[in-house]
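Each chain, letter by letter, is given below.
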Amino acid sequence: MPTPSPAESTDTPARRHRPPTGDLVGNVVRGGLIGVAETIPGVSGGTVALITGIYGRLIGAAKHLTDVAKALLTRGDWRAELRKVDWWLLLSVGIGAVLVVVLIAGLMRSFVVDHTVAAYSLFMGMIAMSVLIPFLEIAHGSLRSRTMKIRAAALFVIGAAVAFTITSLPRAEFDSPPLPLVFVAAAIAVCALVLPGVSGSFFLLVMGLYTTTLAAVDERDVPYLVVFAAGAVVGLVSFVRLLEWALENHHTTVMVTAAGLLLGSTRALWPWQETDAEGEPNGRVLPVGDDWPMALGLFVLGVVVVGVVAFVQRRWYAADAAATALEKRRELLERD
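Residues numbered from 1 in each chain as written. Predicted model: local features only at pLDDT ≥ 70, side-chain atom pairs only at ≥ 80, totals over all residues. Heavy atoms only, no water.

This brings us to the UniProt feature "transmembrane region" (unreviewed entry) in the chain. Residues annotated in UniProt with the feature "transmembrane region" (unreviewed entry) correspond here to residues 87–111, 117–138, 150–169, 181–210, 222–243 and 292–312. Each end of residues 150–169 is marked by a C-alpha atom, and these two atoms are 29 Å apart; helix forms 90% of the span and strand 0%. (UniProt positions renumbered as here; feature names shortened; annotations may be inferred. Helix = DSSP H or I, 4+ residues; strand = E, 2+ residues; numbered from the N terminus.)

Structurally, the position occupied by G297 is in helix 15 (residues 292–335). Note on G297: relative accessible area 41%, which makes it partly exposed. Expressed as a C-alpha distance, the spacing of G297 and A118, which sit 179 residues apart in the sequence, is 9.4 Å. (Buried < 20%, exposed > 50% of the residue type's maximum accessible area, 1.4 Å probe, protein only.)

Considering the arrangement of structural elements, one finds S121 in helix 7 (residues 116–130). Given a relative accessible area of 2%, S121 falls into the buried group. Look past the residues within four positions of S121 in its chain and what remains in contact with it is P271, A295, L298 and F299. (Contact = heavy atoms within 4.5 Å.)

Note on aromatic pairs: each is described by the distance of the centres and the angle between the planes. All told, the structure shown has four aromatic pairs when counted by the stated rule. Taking the centre distance of 5.9 Å and the plane angle of 40 degrees together, the rings of F135 and F156 count as tilted. With F135 in helix 8 (residues 132–136) and F156 in helix 9 (residues 146–167), this pair connects stretches of sequence that are 21 residues apart. Ring geometry for Y224 against F228: centres 6.4 Å apart, planes inclined by 15 degrees, an arrangement best described as stacked. Residue Y224 and its partner F228 are located together in helix 13 (residues 222–249), separated by four residues, close to a single helical turn. Given a relative accessible area of 5%, Y224 falls into the buried group. The aromatic ring of F164 is capped on one face by R267, whose charged end is 6.0 Å from the ring centroid. (Phe/Tyr/Trp six-rings, centres within 6.5 Å; stacked < 30°, edge-to-face > 60°. Lys NZ or Arg CZ within 6 Å of the ring centre and 35° of its normal.)

Now the structure itself:
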């Protein structure tokens, strides 16, 4: 069952009331998983949101948040727009993501640097399995005609080629990056964050700001973090409205392209890579090493983890949707 569209997910009155505690805790956990993803080059937070079933709702809530800013600038009814924002979702997911990023930024960097083959094998398996998730979000019958299938196949290939090309770019590194560059990099990275299959962390890596940004989080570098946050807000406001429109009007196209992006992004997670002076993978691939049995096992583990999470999430969502429909039916019967 596809997850709700952004409009369906955020405009219903029920979403403006406090959800059950279990849902809030679940969203904090989902936010934590998104936070973990955003510390790993090649893994997309948008992918995790898609796997855990909150992608459409997050995009819709973020879009309403940009509507508030637009109303303030144009002297519109910003209070009405404010009431449409799914604050329970945004705050719970945001708290989980921020807490995890702050707590594990240094730890995750050490894991990737000290155990590159193990880390990338696990992540590669997770992303490889995630390629199937967007296809599960496509409504049944959306690709009935031959023309639509050919178009979908072309979009899938193009998405994969784009992601593969991006993840093949040479990587730079700055010890003391200029703050304007930090602002621009954050604006681009946050666009990648909300797009399944494109890693915001990898964009930072390509632009030479990955380790610098993790260090800034780990060391609480306030000026750097303030500029980074400002760039992220500008990027989010600029991009999320376009993405929300695309999801509403071209959902199948977005999902097929996202699947291609996911497949192409596995290039960044090839377990055997050359490393730089600090021991970090630099993207130059090496042949399969003697530790391939361990790598294969972790790859399979990654596939299983994502498969189980996606299965449980979809079962939970189906049960939740059925319960909601039953509750609405009872309310209608009581009114009659």
